[in-house]
Amino acid sequence: MTGRAAARPAPGGRVAGSGDRAAGSTGNTGSAGSAESAGGGGRIRRARRAPGGGGGGRAFWTVRRRDNLVGYLLVAPQLLGSLLFVLLPLGLVLWYSLHEWNVLAGTFEFVGGENYDRLLADPNLGEVLGGTALFSVGLVVLNLGLALVLAVLLNQRLRGTTFFRTVFFSPVVVSLVAWTIVWQFLLQDDGGLNGLLAVAGADGPNWLRGEGTAMLSVVVVQVLKNVGLNMVLFLAALQGVPAQLYEAAELDGAGAWTRFARITVPLISPTILLTSIITVVGSLQVFAQIAVLTQGGPGMSTTVLVYYLYQQAFQFHHFGYGATLSVLLFAIVALLTVVQWRMRRRWVFNET
Amino acid sequence: MRPFGKPAAVALAALLTLTACGGGEATPAAQGPQPLRMTIWTSNEAHLKLFNEIAAEYKKTHPDVGEIKFDPIPFESYTTTLTTQIAGGNAPDLAWILESSAPDFVSSGALAPLDETLGKAQGYEFGDLTPSAVKLWQAEGKLYAYPFSTSPFGVFVNTDLLKKAGQKTPAEMIEDGTWTWEKVAAQNAAVEAETGKAGMVVRDFDYKGWDNLATVWGGWGAQAWSEDGKTCGFDSPEMVEAMTFLHKSIFTDKAFPGPGTTADFFAGDSAMTITQISRASLLQDAKFGWDLVPLPAGPKGEYSVIGQAGLGVFKKSANAAAATDFLAFFTNPANSAKLAAYFPPPRASQLTADTMAKSNPLLKPGQLQKVVIGGIEKGVVKPNHTGQAELSQTVRAALDPLWQPGADVKAVLDGVCAKIQPMLGA
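From a predicted model like this one, the values you see are computed outputs, not experimental measurements.

Cut-offs and rules
- Residues numbered from 1 in each chain as written.
- Chains lettered and ligands numbered in written order.
- Predicted model: local features only at pLDDT ≥ 70, side-chain atom pairs only at ≥ 80, totals over all residues.
- Helix = DSSP H or I, 4+ residues; strand = E, 2+ residues; numbered from the N terminus.
- Rg over C-alpha atoms; globule rule 2.2 N^0.38 Å.
- Buried ≥ 20, exposed ≤ 12 C-beta atoms within 10 Å, placed from the backbone.
- Contact = placed C-beta atoms within 7 Å.
- Nonpolar A, V, L, I, M, F, W, Y, C, P; charged D, E, K, R; others polar.
- pLDDT = per-residue confidence, 0-100.
- Core = buried A, V, L, I, M, F, W, Y, C linked by C-beta atoms within 7 Å.
- Expected span 1.5 Å × (residues − 1).
- Arc of directions from axis to C-beta.
- Pairing = 2+ DSSP bridges.
- Axes fitted to C-alpha atoms, helices over the stretch in contact; angles between N-to-C directions.
- Parallel < 35°, antiparallel > 145°, perpendicular 65-115°, else oblique.
- Left-handed = near helix turned anticlockwise from the far one by under 90°.

(A) Region of interest: the overall build of chain B. Scanning chain B for helices and strands turns up 17 helices and eleven strands. Relative to the globule expectation of 22 Å for 426 residues, the C-alpha radius of gyration of chain B, 24 Å, shows essentially globular dimensions. Summarising its shape, the C-alpha atoms of chain B cover approximately 70 × 50 × 40 Å along the three principal directions. With 426 residues in all, chain B has 44% of them scored as buried.

In structure tokens form, the structure reads like this:
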């Protein structure tokens, strides 16, 4: 939310400014309170110095500096965490990608752009990127589509909606690996799903072993796992749409589809943006499902970028090349997120 | 050099200073009892109990050694986890090593040579180790890991299921000289047709772990690659013939359960399974009659395949000398005999049916003689190569099209060679 405010040119600055002031005043009361508890004298000294704080220069700890210090101390844990566990590893990955690192022999040699040359010449890369794209597109379309349909269906005051909301949300809180292992049993050739199909008289395919069905299975398992989260976000957005708009549209003779397309979709578009970014980024990082269900097979059909990276680094011991692949993954995720963020002005309501 | 070292140490130092919870020096200057850590892939209670007993005995005479910790890592992710520990600067002092990653570890220089310590150790009888068992673990005449387990593959047979399907027992067939792949496949197809249970299960293959198929194609004299590891063997006439047999047995005769189907022999779901003798412990409470016999003969006659596991010491370990000394104790003749209960020893003097029967109460001396002792003598080790993980994954992907009804066996196998020959030649 703050991000959006800051992005607005002129008023944004003011909003941010007023935010600063608000934070400042909170800090003020805070320190005043502590000064008070320490003794009345402090409060008087403080009060005398405060108005002339800007031009004084007599004491180092002016109100502004004190407030700044408190502010920095408050953000320090988060900042430090980001530095240590986000920025430092990111820098290290870039560093490793310029090296050939043989873990067993314990050698670590600078090789310059060799790993990047290898990336461009990698005969598997095309298939891997194709598989990744297929997985992401399939996942985003199915996940957002299904989540929206479920949210619209469950956004009605009927008996049992709470029950169904719980049912569809519950996979989100199930452990990912447990969920995937259960699906592995269901999707086996002699598993539950084909048993069900056999009752209906149909002969199901060998889901996880067929070239086309393996990818489909992985996508569907992932969609069913996470659709509940997007559904809840959509539900919250749907309930924020004012009822009078629908009434007015109905009076004007708009049908159900027009109301959905012209009122609902524009008004929940900020949520659509949010869910699509989360889902796209999440889809590019899929790992456990692939590792459990198909291990990248059959052939290379479900070897997505993250799994390929894992294979190269941790199974084949090409840590340098694995780091290079993760730089590629980072670039792709960053690019897609920026593109989505830029496109929001075109279609997200309330954005100018 | 440890690339993680510097930046990570700086970051950690910064963190520790900031949070003021520094734990003093990272490594107490080499004084006081030094702990040892050995990574293993078994978490079997009986195994761990035996290891801990041996370690406790060692510590009695070696007060300079602190706690000796056996650290189990799941088998499926063993090598990956071990490598990650090494990359993270947290390598163990000793580690079990799988035969598939043996060439990588042995040739990398990560392991400390053992010859000197083992040769000097009192009563060790270093010369007792059989040459065929140590071959995989040597480089340039030096031994880099002790082959603590040399375990042949055999066939466990559910004799009750065979009887139900009106088939002869393996003992009778061996007697008649008809224990051949052709007859065995027919038996398994009959079991499938008569009882609805699965036939022959190549354990741990599951249409992914293709190196386990060496226990089948060995009968045709086929090899994944040549002895020197430079030429692909998948397109050889022997391999095509063996794989054609396998494909027909799976998809036409249904003698093997197909892809995506699970059947556990030890739960009574299948007539036969090919696996190592250490699995016999799973038959402790078996509700069915069973037998253990050698692999069936193929068109090229009798053959045997062994799986191996080595135990090595990391050269970089601060306690490498103590670790090597412990290894010498852990594998001396007395302890080797104890370990033989689960892991067939590489010592010629202990490879007799009588010694082994003492520690394997579930198996009869006759079974041990035929499968284990006969197997180790003429056994071929499962496929292994430097860069095995990448090769293995490439072969797995290229073999996938074979596991469909109506696959063109020759074309698929040519495809495997097209993919891996550049990796072998390099």
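(B) Inspection of the interface of chain A and chain B at higher detail. With 27 residues of chain A at the contact, the number on the chain B side is 29 residues. Those elements giving two or more residues to the side of chain A that touches chain B turn out to be helix H4 (63–96) and helix H14 (305–315) of chain A. Sort the elements by how many residues they give to the side of chain A that touches chain B and H4 of chain A lands first, with four residues. Split into classes, the residues belonging to the side of chain A that touches chain B amount to 15 nonpolar, nine polar and three charged.

(C) How the structure looks around the confidence of the model for chain B. Residue and element names in this part refer to chain B. When pLDDT is averaged along chain B, the result is 87; 92% of the residues meet or exceed 70. Across residues 7–29 the pLDDT falls below 50, and counting only partners more than four positions away or on other chains, this stretch makes nine contacts in the model. Scored by ipTM, the complex comes to 0.80, with pTM at 0.80.

(D) Structural view of the nonpolar core. Within the largest apolar cluster, 161 residues are counted, with the highest numbers of intra-cluster contacts made by Val304 of chain A together with Leu111, Ala242 and Leu327 of chain B. Counting residues per element, this core draws most heavily on helix H10 (residues 211–239) of chain A, which supplies ten residues. Other than its neighbours up to four places away in sequence, Leu327 of chain B contacts Leu94, Leu114, Tyr146, Leu311 and Val313 of chain B.

(E) Geometry of helix H15 (residues 365–378) of chain B. Residues and elements named next belong to chain B. Its 14 residues place the ends of H15 19 Å apart at the C-alpha level, agreeing with the 20 Å of an ideal helix rising 1.5 Å per residue. Within H15 the residues assigned to the buried category are Gln367, Leu368, Val371, Val372, Gly375 and Ile376. The arc that holds every buried residue of H15, seen down its axis, measures 100°, which confines them to one face.

(F) Region of interest: the pairing of strand E10 (residues 305–313) of chain B. Residues and elements named next belong to chain B. Most of E10 sits inside the fold, with nine of its nine residues counted as buried. Of the strand pairs in this sheet, strand E3 (residues 94–98) and E10 are connected by five bridges, and their pairing is antiparallel. Within E10, the residue paired with Trp96 across the bridge is Leu311. Across five bridges, the pairing between strand E6 (residues 146–158) and E10 is antiparallel. In the sheet register, Ser151 faces E10, and the bridge partner there is Gly307.

(G) Structural view of the packing of helix H5 (residues 114–121) of chain A against helix H15 (residues 319–347) of chain A. All names here are of chain A. Where H5 contacts H15, the axes come no closer than 9 Å and their chain directions differ by 70°. As judged from the angle between their axes, H5 and H15 are roughly perpendicular. Judged by the sense of rotation from one axis to the other, the crossing of H5 with H15 is right-handed. On the side of H5, the interface is formed by Asn115, Tyr116, Arg118 and Leu119, while H15 contributes Gly320, Tyr321, Thr324 and Leu328.

(H) Representation of the packing of H14 of chain A against H15 of chain A. Residues and elements named next belong to chain A. In the contact formed by H14 and H15, the axes pass within 7 Å of each other and the chain directions differ by 165°. It follows that H14 is roughly antiparallel to H15 by the angle criterion. In this structure, H14 crosses over H15, and the sense of that crossing is left-handed. Contacts between H14 and H15 involve Leu305, Val306, Tyr308, Leu309, Gln312 and Ala313 on the former and, on the latter, Phe319, Tyr321, Gly322, Leu325, Ser326 and Leu329. Taken together, the residues that form the contact of H14 with H15 break down as nine nonpolar, three polar and no charged.

(I) Examining the environment of Leu292 of chain B more closely. Residue and element names in this part refer to chain B. Among the structural elements, Leu292 can be located in strand E9 (residues 290–293). Among the residues examined, Leu292 registers 23 C-beta atoms within 10 Å and is labelled buried. Taking C-alpha positions, Leu292 is 8.6 Å from Leu368, a pair spaced 76 residues apart along the chain. Leaving out residues up to four positions away in the same chain, Leu292 has contacts with Gly154, Phe156, Ile277, Ala280, Leu363, Gln367 and Val371.

(J) Broad picture of unusual backbone geometry. A cis geometry characterises the amide bond from Gly297 of chain A onward to Pro298 of chain A, with omega recorded as -10°. As for its placement among the helices and strands, Pro298 of chain A is situated in the loop between helix H13 (288–293) and H14.

(K) Quick peek at the confidence of the model for chain A. Per-residue pLDDT for chain A averages 83, and the proportion of residues at 70 or more is 83%. Below a pLDDT of 50 lies the segment residues 1–56 of chain A, which in the model reaches 23 contacts outside its immediate sequence neighbourhood of four places, other chains included.

(L) Broad picture of the environment of Ala255 of chain B. Residues and elements named next belong to chain B. Tracing the chain through its elements places Ala255 in the loop between helix H11 (237–251) and strand E8 (270–276). Taking the C-beta count within 10 Å as the criterion, Ala255 has 26 such neighbours and is therefore assigned buried. Sequence separation of Ala255 and Val201 is 54 residues, and the distance between their C-alpha atoms is 9.0 Å. Apart from the residues within four sequence positions on either side, Ala255 is in contact with Ala185, Asn188, Ala189, Glu192, Gly199, Met200 and Ser249.

(M) Focus on the environment of Ile306 of chain B. All names here are of chain B. Relative to the helices and strands, Ile306 resides in strand E10. Between the C-alpha atom of Ile306 and that of Ala214, which follows or precedes it by 92 residues, the distance is 9.7 Å. Look past the residues within four positions of Ile306 in its chain and what remains in contact with it is Thr150, Ser151, Pro152, Gly375, Ile376, Gly379 and Val381.

(N) Inspection of the pairing of strand E2 (residues 107–110) of chain A at higher detail. Residues and elements named next belong to chain A. Inspection of the sheet shows strand E1 (residues 99–102) paired to E2 by four bridges, in the antiparallel sense. In the sheet register, Trp101 faces E2, and the bridge partner there is Phe108. Linking E1 back to E2 in an antiparallel pair, the connection comprises four residues, with Gly106 at a positive phi of about 75°.

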